There are 2 protein chains.
Amino acid sequence: MLSSSSPSTLEAHLGYWLRMVSNGVSLSFARKVECEGVTVAEWVFLRALYDTGSVAPSQLADRMAMTKGAISKLADRLLEKSLIERRANPADRRAHTLALNREGRELVPRLAALADENDEEFFGALAPDERRRLEQLLRKIAEERELTSVPVD
Amino acid sequence: MLSSSSPSTLEAHLGYWLRMVSNGVSLSFARKVECEGVTVAEWVFLRALYDTGSVAPSQLADRMAMTKGAISKLADRLLEKSLIERRANPADRRAHTLALNREGRELVPRLAALADENDEEFFGALAPDERRRLEQLLRKIAEERELTSVPVD
DNA sequence: TATTGTTATACTCTATAACTATA
DNA sequence: TATAGTTATAGAGTATAACAATA
């Protein structure tokens, strides 16, 4: 006589706990940056621009592992919010570049501070060695599965 | 003379690595369950129904920490896909109940197997004690931050 | 009046593809 | 023809609120 087995539960999977904690962290961060008038995706976009300086949308799409269309839409919103500038390229009139304006450059450090604060809220409960251990395990998985796309949601 | 400090990078935050790995795991799982014609949210919904049996939408909303509207929309899709049944309650004609039909009950174990497979793909690279450690750390954060909502995205 | 559930609206993120302008 | 970028469309998820039916 064969024993029948139940389908595995949601909680039986590490992916479930990962998603639960990740969603909690992201939702909390989303609420923080909302006070500064931006979304998490916009923070990632702005932080990338802070490092690259003036850059073509297509390069940003490569770097952030997003489509050109997605970059275009994000850029539209940030232009409306007056945080970035879009400039034509005189040499190649198809090409554009995107860059932070003064307001955008001033916002990035404030958003970074919120990211620090949010990380502290969630992972401050862990001992320093636990924190290192968690980062090490996550980096190991990211490396082995070749996860490279910048997570924006 | 004050030293100026750069805003912290994206990679400096544990939340960033958590989101990157979590998104990778979820995207991979989404592609697997797509072959069975459902989304991750629908898998969570179906797995919950598998345990509860016949249940009111409002109870499901509480259990899954979703709004009634979200439950209604999910239920609509699963009805179209002929995986669940919606029944009226003769005692209270406002009330309804949702339940898996035969097709839905048969699908859940196949989806659970895909969840097992996906977990193995991502976390199989970790040693057994690393895996336990990761789950322990995630559960600790979930508990301390009182994260209870079932993550569906 | 309060409750159950549905429906409408709106916004974000994602992906594909059509399209314009330029090279 | 190929490339840079925008725009259109569609689907999934989220949230709020208006609504109908019933208690």
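Residues numbered from 1 in each chain as written. Chains lettered and ligands numbered in written order. Predicted model: local features only at pLDDT ≥ 70, side-chain atom pairs only at ≥ 80, totals over all residues. Heavy atoms only, no water.

Identification of chain A as MarR family transcriptional regulator from Rhizobium daejeonense is taken from an unreviewed UniProt entry.

**Q** Please clarify how the pattern of salt bridges should be interpreted in this entry.
**A** Proximity of charged atoms lets side chains of opposite charge pair with each other. Counted according to the given criterion, the structure contains 26 salt bridges over all chains. The shortest N-O distance in the salt bridge between Arg47(A) and Asp51(A) comes to 3.0 Å. Residue Arg47(A) and its partner Asp51(A) are located together in helix H2 (residues 40-52), separated by 4 residues, close to a single helical turn. The buried category is assigned to Arg47(A), whose relative accessible area is 3%. With a closest N to O distance of 3.1 Å, Arg94(B) and Asp92(B) form a salt bridge. Exposure remark for Asp92(B): the relative accessible area of 28% places this residue in the partly exposed category. Taken together, the shared-partner salt bridges connect Lys32(A), Glu121(A) and Arg145(B) into one network. (Salt bridge = Lys/Arg side-chain N within 4 Å of Asp/Glu carboxyl O. Helix = DSSP H or I, 4+ residues; strand = E, 2+ residues; numbered from the N terminus. Buried < 20%, exposed > 50% of the residue type's maximum accessible area, 1.4 Å probe, protein only.)

**Q** Can you help me understand the protein's contact with DNA strand D in this one?
**A** The local shell around DNA strand D holds 23 residues, among which Ser58(A), Lys68(A), Ser72(A), Arg94(A) and Arg77(B) are the closest. Counting only the atoms of DNA strand D that lie within 4 Å of the protein, the sugar and phosphate share comes to 60%. At 2.8 Å from a base oxygen of DNA strand D is found a side-chain nitrogen or oxygen belonging to Lys73(B). Contributions of two or more residues to the surface near DNA strand D are made by helix H3 (57-64) and helix H4 (68-80) of chain A together with helix H4 (68-80) of chain B. Element by element, the count of residues in the surface near DNA strand D is highest for H4(A), at 4 residues. (Near = heavy atom within 4 Å. Polar contact = N/O pair within 3.5 Å; in protein donor to acceptor, adjacent residues only side chain to side chain.)

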